[in-house]
Amino acid sequence: MKQHAAILLIFVAAFFLSACEMKDAYSGKVILSGEHILKPGETLDGELLVSGGQIDLKPGSRLNGSLYVLGGKVTAAGEISGDVTILLGELSLTPDALVRGSLSVGGGVLQRAPQAQILGGTITSAAGQIPDPQRRSTRSLANRLASILIESPILAALAYLAVHRFPRQIAHIEHTASKYTLLCGSLGLLTWFVGISLLVLMAFTILLIPVTLVGIGVLLLATAFGAIPFALILGRWTAQRLKWKLTRAGKAAAGMVLLVSIVELSQLIPWIGALPALALMMVGFGAVLLTRFGLRRYTPPEDTWESETESFA
Amino acid sequence: MELVRYIKQGSWPTVLGYLLFVGMMATGYYYNITFVQLGLTDLGVRLIGLSEASVATQMAHLALMTCAIALAFGYIMKKLGWSARFRVKLRLALLVVALQTVLTLIAPLVKSENAFFTWIVLASLALGVGMPATFSMTVDLIPRRDRGYAGALITAAAYFAAEVFSNSWQFESFRSQILWVMVPGVLGMGVLAFAKFPFLEQLASQHRRPEFAYGRFVRRDASGGTRVQRSLIGLLVLMFGIYFVDSLGFLRLLETPLYMETAWQSAELNIRLAIGITHVIAALIGGVLYTYMHERNLFLWIFGIFAITHLEYTLHIRIGASNYAPLSMPLMYALAVSLYTVLNFTIWADISTPRTISMNAAIGVALSGWSATFISTALAIRWNAMQLPLERHMQIVDSLAFLFFLGTIILIFFQGQFHRPGQERPTSKRQEMERRSG
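### Considering the overall build of chain B
A tally of regular secondary structure across chain B gives 18 helices and two strands. By principal-axis analysis of the C-alpha atoms, chain B measures approximately 60 × 55 × 40 Å. Sorting the 438 residues of chain B into buried and exposed places 59% on the buried side. Once local pairs closer than 6 in sequence are excluded, the contacts in chain B between residues at least 24 apart make up 84%.

Structure (structure tokens):
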């Protein structure tokens, strides 16, 4: 198993290494900032990814590829031969716009003139909506309470199932997170920072967007898995105080409801409100990594001199 | 953390030892990354009027001479037994700081290429002697379990100060800043080196205590002596790789105004502060990871982050964003640099005993750090002469980082293949010598 994992790692690494020399195998344009205009009669070959700044595709212009909006502002009045996807940012499709592929809306702000033509149809995915961090931080108390009511039963059910189905794994993560909190937090923070940078980098290649999506999924899954032991600790503590007789999985579910409530409400405190939730997320995520999703117990390197009392000569 | 225990016990001499070591090493490292690495180049090019290639050649000389002097002096310290004598090391450190202060004071008088070379020779002498002398104080002042944290504090303080307080990368600015620290430093070191304070007696004997004496990778052998668990050669290759990748990449970034002015040399304090804080957080993470995890994990992280960072730069150059550079690139760079600097301040003491620390630190820092600086500088001069494009330069650095990343994975895999529980790892010739010498 270990041998297979190592061979797989080497193959993946060699694959990426080969990409260091890749030239002109794929063409695309990335807009990060500034104002850009594609004038009437002009053609842009390849995919266009916008993550910041502003681009105006004038009437009579043509994009020979797909358009991805991950941020910034796009005004499209020309022809787009591929698909259009918006996840964040603003997209305005004017009456002259012609999209030969489909339009996928996963988030962001879309303004579409009724006359704009989408030949491949429109797909709107509510599940794929990416929350806008700015909008989230300014949500009212009522919104947060509604979130608690909607999110907590779902997450509590997941916590119940996880503890019921994977008791050993959760126990390993809980043990590691509580005994090596500093290490877990450090590793979690480092992995998140580097992981996000790597995923964004992969998204810019366009070719690796599917891998990016899988990566985001794994990152979120690991973070959610890492939160379950904290829910269990909280549930256990509450059950003990209130003298509730609950199973281990029941305690995790009750704890998750409390945890979601605390995390949501703590964010009403400006500036520092999100910090405890962030710290908790990082510690849990780090513990998941250290225990490899709870499959093993983490043991730090041994200090062979610990019991040594004799002086050095 | 042992420091907390010492504070609770009221063991103040030991606590003062921590402060002395962290303060001394952080100041020394700050001097190195600001005045020596950046200030000297400015002195040579702007104030003396030398060509950039000529200054780069002189910097390569500095690296090579420092490397040779450190190796020779580390050997002398080991042979004369100075490696385990705290007072001697303190006096050597005083001499070094005094020489560096004088050199910094007289630096504006350097007006010709010959004078610049003479200055470089003297600076190499100070750095070469200072390296084994100061690094070997780790076994006197920092217990094994806290070396990661001490390395983290040194790294955090030096990089934060260098990033946040250096708003102008000019010789005069670096000189005046460092002199404010060095002059009181010389006086303080002078008092410590020659005064008879009782706490110094305690610090001088700490290296005999097991928690200070034995490095983390030192093991007791069958004959009752000590041997090194980790291969020094392996560590040297990995550390060399890190230094080489860092300096080869950064030398070119230094010459690219877009990447300097939007990051390390930004006029905006916010940007420099963000980089400084990243250095601090990364150093603290490095300290924690070093303390609790196998050092090989840190090597993997460092090479991996360098590979991603250089890939980011390569991608940015390719997409031709000419007036904007995302802050994530220097932040990632700062992350990798802080992680490996923590390793540099900890690992040499952890493969040593008080008797071998001066030689091991000299071999480690000289053969990995300074030789990598020498080779990368020489290579950068050559590539400049060839007019190698920026994108190609960064691609090569990226490939190197990735190769080292790959190499480390393979190394870990094969170590696991050949090492079975209950079996001793095969020892190298050097380890065998360590074992025999006890």
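Picking up where we left off.
### Brief notes about the packing of aromatic side chains
Aromatic ring pairs are described here by two measures, namely the spacing of the ring centres and the angle between the planes. Residue and element names in this part refer to chain B. Tallied over the entire structure, the rule returns 25 aromatic pairs over all chains. Note on Tyr 31 and Phe 35: the rings are 5.5 Å apart at their centroids and 20 degrees apart in plane angle, and the pair reads as stacked. Highlighted residues: Tyr 31 and Phe 35, both in helix 2 (residues 12-48), separated by four residues, approximately one helical turn. Here the aromatic residues Tyr 243, Phe 250, Trp 264, Phe 306, Tyr 333 and Tyr 340 are joined through ring pairs into a cluster of three or more. A cation sits over an aromatic face here: Arg 5 above Tyr 6, 5.1 Å from the ring centre. Sitting over the face of the ring of Tyr 290, Arg 216 holds its NZ or CZ atom 4.7 Å from the ring centroid.

### Re the environment of Ala 133 of chain B
All names here are of chain B. With respect to the helices and strands, the residue Ala 133 is situated in helix 5 (residues 113-135). With 109 residues separating them along the chain, Ala 133 and Met 24 place their C-alpha atoms 12 Å apart. If near-sequence neighbours (up to four positions away) are discounted, Ala 133 is found in contact with Met 77, Lys 89 and Leu 92.

### Topic: the pattern of salt bridges
Throughout the structure, instances matching the rule amount to 13 salt bridges over all chains. Close ionic contact of Arg 5 of chain B with Glu 2 of chain B constitutes a salt bridge, the shortest N to O distance being 2.7 Å. You can see Arg 5 of chain B and its partner Glu 2 of chain B sitting in helix 1 (residues 2-9), three residues apart, about one turn around the helix. You can call Glu 2 of chain B buried: its relative accessible area is 12%. Shared partners join several salt bridges into a network, and the residues in it are Arg 62, Glu 79 and Arg 100 of chain A.

### Brief notes about the nonpolar core
Counting residues in hydrophobic clusters, the biggest one holds 168 residues, and the most contacted among them are Trp 264, Phe 306 and Trp 348 of chain B. Those residues in contact with Trp 264 of chain B, other than ones at most four positions away along the chain, are Glu 163, Trp 169, Phe 250, Leu 253, Tyr 259, Arg 272, Ile 275, Tyr 313, Pro 330 and Tyr 333 of chain B.

### Considerations on the pairing of strand 7 (residues 67-76) of chain A
All names here are of chain A. Bridge count for strand 4 (residues 47-50) against strand 7 is three bridges, and the pairing is parallel. Across the sheet, Leu 49 pairs through a bridge with Tyr 68, a residue of strand 7. By the bridge criterion, four bridges tie strand 5 (residues 54-57) to strand 7 in an arrangement that is parallel. When the sheet's bridge partners are listed, Ile 55 is paired in strand 7 with Val 74. Sheet topology note: the strand 7/strand 9 (residues 84-93) ladder contains eight bridges and is parallel. Along strand 9, the bridge assignment pairs Val 74 with Leu 91.

### Observations concerning the packing of helix 2 of chain B against helix 5 of chain B
The description of two helices packed together rests on the angle between their axes and the distance between the axes. Residue and element names in this part refer to chain B. One way to put it is that helix 2 packs onto helix 5 with a least axis distance of 12 Å and a crossing angle of 165 degrees. Classified by the angle their axes make, helix 2 and helix 5 are roughly antiparallel. Remark: the crossing between helix 2 and helix 5 carries left-handed chirality. Only Glu 113, Phe 116, Trp 119, Ile 120, Leu 127, Thr 134 and Phe 135 of helix 5 make contact with helix 2, whose side of the interface consists of Phe 21, Met 24, Met 25, Tyr 31, Asn 32, Phe 35, Val 36, Leu 40, Leu 43, Gly 44 and Ile 48. A class-by-class count of the residues in the contact of helix 2 with helix 5 yields 14 nonpolar, three polar and one charged.

### Brief notes about unusual backbone geometry
Residues and elements named next belong to chain A. The phi torsion at Arg 292 lies on the positive side, around 50 degrees, for a residue other than glycine. As for its placement among the helices and strands, Arg 292 is situated in the segment after helix 8 (275-290). On the basis of relative accessible area, Arg 292 is assigned to the exposed category, the value being 52%.

### Regarding helix 5 (residues 181-204) of chain A
Residue and element names in this part refer to chain A. In this model, helix 5 (24 residues) spans 34 Å end to end at C-alpha, consistent with the 34 Å of a helix rising 1.5 Å per residue. Burial within helix 5 is extensive, with 17 of its 24 residues counted as buried. Just beyond helix 5, the residue with positive phi is Ile 206, at close to 65 degrees.

### Side note on the pairing of strand 9 of chain A
Residue and element names in this part refer to chain A. Both strand 9 and strand 11 (residues 103-105) contribute to a ladder of three bridges, which runs parallel. Counterpart to Ile 86 in the pairing with strand 11 is Val 105. Pairing of strand 9 with strand 12 (residues 109-112), which is carried by four bridges, proceeds in the parallel orientation. Considered in strand 12, the bridge of Ser 92 is made with Gln 111.

### Focus on the environment of His 36 of chain A
All names here are of chain A. Mapped onto the secondary structure, His 36 falls in strand 2 (residues 35-38). A residue is classified by how much of its surface remains accessible, and His 36, at 31% relative accessible area, is partly exposed. Sequence-wise, His 36 and Leu 246 are 210 residues apart; in three dimensions their C-alpha atoms are separated by 61 Å. Setting aside anything within four residues of it in sequence, one finds His 36 in contact with Ile 31, Gln 54, Ile 55 and Asp 56.

### Some remarks on the sheet that holds strand 6 (residues 62-64) of chain A
All names here are of chain A. Spatially, five strands are ordered 3-6-8-10-13 in an open sheet, and the strand pairing comes out parallel. The outermost strands of the open sheet, each flanked by one partner alone, are strand 3 (43-45) and strand 13 (117-118). Bridging between strand 6 and strand 8 (residues 79-80) involves two bridges; their strand directions are parallel. Bridge pairing in strand 8 places Leu 63 opposite Ile 80.

Rules behind the numbers
Residues numbered from 1 in each chain as written. Chains lettered and ligands numbered in written order. Predicted model: local features only at pLDDT ≥ 70, side-chain atom pairs only at ≥ 80, totals over all residues. Heavy atoms only, no water. Helix = DSSP H or I, 4+ residues; strand = E, 2+ residues; numbered from the N terminus. Buried < 20%, exposed > 50% of the residue type's maximum accessible area, 1.4 Å probe, protein only. Contact = heavy atoms within 4.5 Å. Phe/Tyr/Trp six-rings, centres within 6.5 Å; stacked < 30°, edge-to-face > 60°. Lys NZ or Arg CZ within 6 Å of the ring centre and 35° of its normal. Salt bridge = Lys/Arg side-chain N within 4 Å of Asp/Glu carboxyl O. Core = buried A, V, L, I, M, F, W, Y, C linked by side-chain atoms within 4.5 Å. Pairing = 2+ DSSP bridges. Axes fitted to C-alpha atoms, helices over the stretch in contact; angles between N-to-C directions. Parallel < 35°, antiparallel > 145°, perpendicular 65-115°, else oblique. Left-handed = near helix turned anticlockwise from the far one by under 90°. Nonpolar A, V, L, I, M, F, W, Y, C, P; charged D, E, K, R; others polar. Expected span 1.5 Å × (residues − 1).

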